[in-house]
Amino acid sequence: MDELKFEPYAVKLCLTRPKNSQKAEFSTAVACLAETVAGRCLSEKGALIGHIKGFATGPDGSYLHVSVTDAARPADIEGHIACRPKSIILTLNVHVFGVSAARLKELLIESLSNPEVEKNALISIVEPIMSHRIFKEKNHAE
Amino acid sequence: MPNDTSNHMHLLIITGFLGSGKTTLLLKIAELVGNRGYKVAIMVNEVGDIGIDDQFMRSLGFNVWELLGGCICCSLAGDVTGTLERISSEFNPDIILLEPTGAADPKNLMDVLKNYHGPSFKSLTRVALLDALRLDMLTAVVGPLITSTINQADLVLINKADAASSQELAFAEDTVHQLKPELPVFNICARDKITPRVIKELLPWMN
């Protein structure tokens, strides 16, 4: 890896429960999404996963936290949106070295169509907040 | 006992690469210290424009000051010293738990802290968290950052020890000892209960 480009990518996603799907679980959708994004990132030449993490809260104060650092391992899921709302907003941070923020967005969009994700939630981008700053500040990972 | 009114705080800095388990460990420590009656403030730095960890910490009821959209060792350097001073004057905690971004070089953070002019810290402990499962790979790819993380530590915790092989753990320990043979090193699983031995190293001042 000649230079470790680092463009943190942050996005807010709306997850909506599919109609007529009693078994749909947001936690499954979120875990699957994070794992899929990680897998796609690793397919990019020179990519190094730093951390892919997400957080959502339910209207009852319950929360859901997802964390992936290795595409070869399942996502860590903590918490559970207990009240089964129709939709939640998930904040997702994709911190991957060697892949531009624009490309991370493309990989995310590709990941949304994973059938296992769609089975558990219909997901749309609410608020793309892309950080185009190339992280080359002194003595950082490069 | 808790909340010394002399406005002197303990500062515990938890460093480590992205995904090494800093937040998980920090929350364990915050809960432990809070349950003993001490007043806890958390400072968290995320390079992205939206914070995840601060939301998570607040949902658990902690008092959090976040620094987003940059690194506290460079672009946000002024913010970190100012925030420390503000926490001291406005909140007066017994301890501040500081989690810099995992992309930050701890050496630069320590240089920034030389510009802190608030009340002196009662203690300053730097804990480095190493990801046992990825250290081999990370050493190869971001070696200077890992080296600096170890060199700037007072204590090293090798995390995810429950899932790591004996070879991975041995590699992690050897990596540390080659750089700083005298450094205390412990294997932990940040998700689990912190052992009394490790607590004593992290928080020697705590009753």
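Computed from a predicted structure; not experimentally measured.

Trainee: So, the overall build of chain A: which residues are in play, and what are the values?
Mentor: Helix and strand counts for chain A come out as three helices and six strands. Starting at the N terminus and ending at the C terminus, chain A contains elements arranged as β-α-β-β-β-β-α-α-β. In the structure as shown, chain A presents an accessible area of about 6,400 Å², 49% of it carried by carbon and sulfur atoms.

Trainee: Quick one: what's the story with the confidence of the model for chain A, residue by residue and with numbers?
Mentor: Here chain A averages 87 in pLDDT, while 87% of its residues score no lower than 70. With pLDDT under 50 throughout, residues 132-142 of chain A is counted as low confidence; its partners more than four residues away or in other chains account for 38 contacts.

Trainee: Which residues make up helix α4 (residues 106-113) of chain B, and what are the values?
Mentor: All names here are of chain B. For α4, the tally of buried residues reaches six of eight residues, placing the bulk of the element in the interior. Of all the residues in α4, the buried ones are Pro 106, Asn 108, Leu 109, Met 110, Val 112 and Leu 113. Where α4 begins, the side chain of Asp 105 points an oxygen toward the backbone nitrogen of Lys 107, at a separation of 2.9 Å.

Trainee: Got a sec to walk through the pattern of salt bridges? Specific residues and values, please.
Mentor: Throughout the structure, instances matching the rule amount to 18 salt bridges over all chains. With its nearest N and O atoms 3.2 Å apart, the salt bridge here joins Arg 58 of chain B to Asp 54 of chain B. Here Asp 54 of chain B and Arg 58 of chain B lie together in helix α2 (residues 53-59), a separation of four residues that amounts to about one turn. Overall, Arg 58 of chain B belongs to the partly exposed group, its relative accessible area being 37%. Among the residues examined, Asp 54 of chain B registers a relative accessible area of 6% and is labelled buried. Each of Arg 40, Glu 44, Arg 103, Glu 106 and Glu 110 of chain A takes part in a single network of salt bridges with overlapping partners.

Trainee: Give a description of the state of the cysteines that names residues and reports values.
Mentor: Residue and element names in this part refer to chain A. Tallied over the entire structure, the rule returns zero disulfides over all chains. Not part of a disulfide, Cys 32 finds its nearest cysteine sulfur in Cys 41, a span of 14 Å. For Cys 32, a relative accessible area of 11% translates into the label buried. Not part of a disulfide, Cys 83 finds its nearest cysteine sulfur in Cys 14, a span of 14 Å. Classification of Cys 83 as partly exposed rests on a relative accessible area of 35%.

What counts and what doesn't
Residues numbered from 1 in each chain as written. Chains lettered and ligands numbered in written order. Predicted model: local features only at pLDDT ≥ 70, side-chain atom pairs only at ≥ 80, totals over all residues. Heavy atoms only, no water. Helix = DSSP H or I, 4+ residues; strand = E, 2+ residues; numbered from the N terminus. Areas by Shrake-Rupley, 256 points an atom, 1.4 Å probe, with all protein chains shown as cover. pLDDT = per-residue confidence, 0-100. Contact = heavy atoms within 4.5 Å. Buried < 20%, exposed > 50% of the residue type's maximum accessible area, 1.4 Å probe, protein only. Polar contact = N/O pair within 3.5 Å; in protein donor to acceptor, adjacent residues only side chain to side chain. Salt bridge = Lys/Arg side-chain N within 4 Å of Asp/Glu carboxyl O. Disulfide = S-S within 2.5 Å.

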